[in-house]
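One letter stands for each residue in the lines below.
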Amino acid sequence: MLDNKRPNPKKPDSDDEKKRQEQARRQMRFSISYLIVGMLVLWLFQEFILTPLVVQATEISYSEFKQKLTEGQIVKVTIRDTSIVGEMKNPDPKATPASVPFDTVANPQSDPKLIEQLQAANVAFSFGRPPSPIGSFLFAYILPLVLLGGFWYLMYRRSGAGGGGIGAIFGVGKSKATEVKAEDVGVTYKDVGGADEAIAELQEIIQFLKTPEQFAKLGGRIPKGVLLVGPPGTGKTLLAKATAGEAGTSFFETSGSEFVEMFVGVGAARVRDLFEQARKAAPAIVFIDEIDAIGQSRAGAVRFGGNDEREQTLNQLLAEIDGFQTTATAPVIIMAATNRPEVLDPALLRAGRFDRQITVGNPDLAGRLQILKIHSQSIKLAPDFDWERAARMTPGFSGADIANIMNESALLAARRNADAVALADFEAAIERVVAGLEKRSRVMNEAERKTVAYHESGHALVAALVPHGDPVSKISIVPRTRGALGYTMQMPTEDRYLLTQDELQDRIAVMLGGRAAEKIVCNQISTGASDDILRATELARRMVTEFGMSEKLGSVRYAGQQLQYLGGAVEDSGNVSQDTRQVIDGEVQRFVTEQYERAQGLLRAHRDALEKLTQQLLQQETVDGGAVKRALEETLSHS
Ligand code: ADP
Ligand code: MG
Ligand code: ZN
């Protein structure tokens, strides 16, 4: 929906990416300050610890040495190739220690009388090897450097990973995957509702794991990878676990983000380790949740720090998938889940790797019913709880949403001290989840309440009057914390997958019904309709640019690539000419305006019903769908 052209449509979109950049910056800052401090420490070490420790000897000339020797000052000497070192009496006789080391540059070979003189002076002497330059170099430079480096590494990991600490340094290349033994998985397909097709496909995988010989017998290649694809909260993780539970194999669970590390090579090492473990435990399932963290397309990715690492990790993963043989005796199957299949690298998806793709969508009516039953097992429901109706109330909800609502309704029932959860609680829970908590303390002045009541009545009446409007189940003018001042709840009678142009137009009319009512009653419009306008405009734009419903523009797609599962955000394709843009904008405006006028017309024709419904709403605050029908029928028979 962005209008400006961008040369590179990829952007560091996720919070993850930002976090990673922040982390990289932090580690960089740390490394630089560490380098400075480290150099300082090294210098201090050399200057004040090593130097006084090792080279304390007094340097004297050879003639001085000879003189001291004849004076009997020399205690003992070691003769080396190019020097004579040893101990001489302290020049200050009262000082301790009595003898101090000395060091003389000399060429002992050129002084043949030296030995005689030493013997004459009764000095103990020995011959020594030259001190190993390598040894002292190691001691003076390499050792402290290694120590500093090790310490830096430790701190570096801490500063980046935000934890991990000393333990992490020893387990860097180790996979963080946790192996879950089959008997501990604890979920089976009985715990997954509304995913029958996915389960049917996964059953086949289980067969591969259980009786690989049977498939290998005919020479077929057992599939290696299964990719679960679908919107968040639809039970992908749950399905993977349940598959392990059903198959009775070891299950290695890990998440894509666990392979994303600062150091190039660490993620790859983890991948290697993970597959090694899995092979040992075969038959096994390796499950990589949220695989998009490592599997992102390499082409066109923004080059930030850590990208090399991701690439290496991905390559290692590809190599592992290709490398291991799913032998008949030790099958290993990789499962992965993502809600962004469009960003995955094509190399991952090619045949022979993740060659099975299983789509897990939001559940349909029957599926929702199953999920409701699964998640109410531990919940006490009223005997007359209408499952069917409850399932109808939750179109478009994911399994996770339904689980959440079921739980909320139990909490709500407990709050009103009921001994069972009634359908009303369930309904309240939906409202709570969808619209935010009721906030009775928020006081609206009378004029505002009236505007909101007309507005909501407008939505409801238009919904009842257009041919394809979803029936209204409830209207309320009780403000909610999430900002809505009132709302009209429509309950679709069935799940819809295809919508016609007429139906879409009706939807836009319903969305604008609120503002239309305000306009014809008060001849005034308010800010309350901004969300309605937004949704209407978005829908109209999609009709024009995606569904090809504008005659002027024809069946041509003008929208960019759509991010399938995340909110349906459409990226600008960038290849629409300026002129076409103007036509698109004009068409969108026409689509919206036409429906706005249509809604106004409908409400003008049923002005009495609007009045009646609004009055009832002002009185009761909340009315059900029947009130809309009655208002229409009564006023019709009057006129
Ligand atoms: P995803 O991985 O697809 O984002 P999860 O598997 O993590 O979703 O689902 C979260 C929770 O929602 C599950 O633990 C389960 O309680 C509930 N849930 C989701 N889908 C289903 C389903 N189809 N059947 C039963 N429960 C579900
Ligand atoms: Mg998940
Ligand atoms: Zn509205």
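It should be emphasised that the depicted structure is a prediction, and the values quoted were computed from it without experimental measurement. Numbering of residues starts from 1 in every chain and runs along the sequence as written. Note on labels: chains are lettered from A, ligands numbered from 1, in written order. Local features are withheld for residues below a pLDDT of 70 in this predicted model, meaning they are given only at 70 or higher, and side-chain atom pairs are given and counted only at 80 or more; totals for whole chains, interfaces and linings count all residues. Computation of side-chain values covers all heavy atoms of the structure but excludes hydrogens and water.

Colleague: Got a sec to walk through the packing of aromatic side chains? Specific residues and values, please.
Modeller: Aromatic rings in a pair are described by how distant their centres are and how their planes are angled relative to each other. Centre distance within 6.5 Å is the pairing criterion for rings of Phe, Tyr and Trp, where only the six-membered ring of Trp is used; planes under 30 degrees apart are then read as stacked, over 60 as edge-to-face, and the remainder as tilted. Taken as a whole, this structure holds 6 aromatic pairs when the rule is applied. For the ring pair Phe251 and Phe287, a centre distance of 6.0 Å and an interplane angle of 15 degrees mean the geometry is stacked. One end of the pair, Phe251, is in strand 8 (residues 250-255); the other, Phe287, is in strand 9 (residues 284-289), with 36 residues separating them in the sequence. Like Phe287, Phe251 is buried. Taking 6.0 Å as the distance between ring centres and 90 degrees as the angle between the ring planes, the aromatic pair formed by Phe385 and Phe426 counts as edge-to-face. Taken together, the residues Phe385 in the loop between helix 14 (365-375) and helix 15 (387-392) and Phe426 in helix 17 (residues 423-435) connect sequence positions 41 residues apart. Each residue's exposure class comes from its accessible area (1.4 Å probe, protein chains only) as a fraction of the maximum for that residue type: buried when under 20%, exposed when over 50%, partly exposed otherwise. Overall, the relative accessible area of 0% leaves Phe426 in the buried class. Members of the aromatic cluster, joined through ring pairs, are Tyr62, Phe65 and Phe102. Runs of H or I in DSSP of at least four residues are treated as helices and runs of E of at least two as strands, each being numbered from the N terminus.

Colleague: Run through unusual backbone geometry, naming residues and quoting values.
Modeller: Here Asn417, not a glycine, exhibits a phi torsion of approximately 60 degrees, which is positive. Residue placement: Asn417 occurs in the loop between helix 16 (399-415) and helix 17. Positioned with a positive phi, Glu621 is a non-glycine residue whose angle comes to about 70 degrees. Inspection of the secondary structure puts Glu621 in the loop between helix 22 (607-620) and strand 14 (622-624).

Colleague: Which residues make up the nonpolar core, and what values do they have?
Modeller: Joining through side-chain atoms within 4.5 Å is the link that ties buried Ala, Val, Leu, Ile, Met, Phe, Trp, Tyr and Cys residues into a set, and such a set is a nonpolar core. Ranked by size, the top nonpolar core spans 46 residues in total, and within it Leu461, Ile475 and Leu613 carry the most contacts. When contributions to this core are tallied by element, the ones reaching two or more residues are helix 18 (446-465), strand 12 (472-476), helix 19 (501-522), helix 20 (530-545), helix 21 (578-605), helix 22 and helix 23 (625-638). The biggest single contributor to this core is helix 19, with 9 residues. If near-sequence neighbours (up to four positions away) are discounted, Leu613 is found in contact with Ser457, Ala460, Leu461, Ile475, Val623, Ala627, Val628 and Ala631. With 28 residues, the next largest nonpolar core counts Val187, Ala195, Ala198 and Phe208 among its residues. Contacts between residues were defined by any pair of non-hydrogen atoms, one from each residue, lying within 4.5 Å.

Colleague: I'd like to hear about a negative patch on the surface, residue by residue, with values.
Modeller: For patch building, the residue pool is restricted to those with more than 30% relative accessible area and no salt bridge; the joining distance is 9 Å between like charges and 5 Å between nonpolar side chains (Val, Leu, Ile, Met, Phe, Trp, Tyr). All accessible-area figures derive from a Shrake-Rupley calculation using a 1.4 Å probe, and residue coverage is judged against the displayed protein chains alone. For this analysis, a salt bridge means a side-chain nitrogen from Lys or Arg found within 4 Å of a carboxyl oxygen belonging to Asp or Glu. Positive charges come from Lys and Arg, negative ones from Asp and Glu, while His and the chain ends are left out of the count. Working definition for charges: the position is that of NZ of Lys, CZ of Arg, CG of Asp or CD of Glu. On the surface, a cluster of negative charge is contributed by Asp196, Glu197, Glu201 and Asp364. In this fold, Asp364 is placed in the loop between strand 11 (356-359) and helix 14. A residue is classified by how much of its surface remains accessible, and Asp364, at 36% relative accessible area, is partly exposed.

Colleague: I'd like to hear about the sheet that holds strand 14, residue by residue, with values.
Modeller: By definition, two strands form a pair when at least two bridges between them are found by DSSP. Spatially, the 3 strands line up as an open sheet ordered 13-12-14, and their pairing is antiparallel. The sheet terminates laterally at strand 13 (487-490) and strand 14, the two strands that pair on one side only. Here the average twist between neighbouring strands, direction ignored, is 10 degrees. In terms of strand pairing, strand 12 meets strand 13 through 4 bridges, oriented antiparallel. Bridge pairing links Ile475 to Thr488 in strand 13. Axis definition: a line fitted to C-alpha atoms, limited for helices to the stretch in contact. Angles are taken between N-to-C directions and run from 0 to 180 degrees. This element, helix 22, spans strand 12 and strand 14 of the sheet and lies at about 125 degrees to strand 14.

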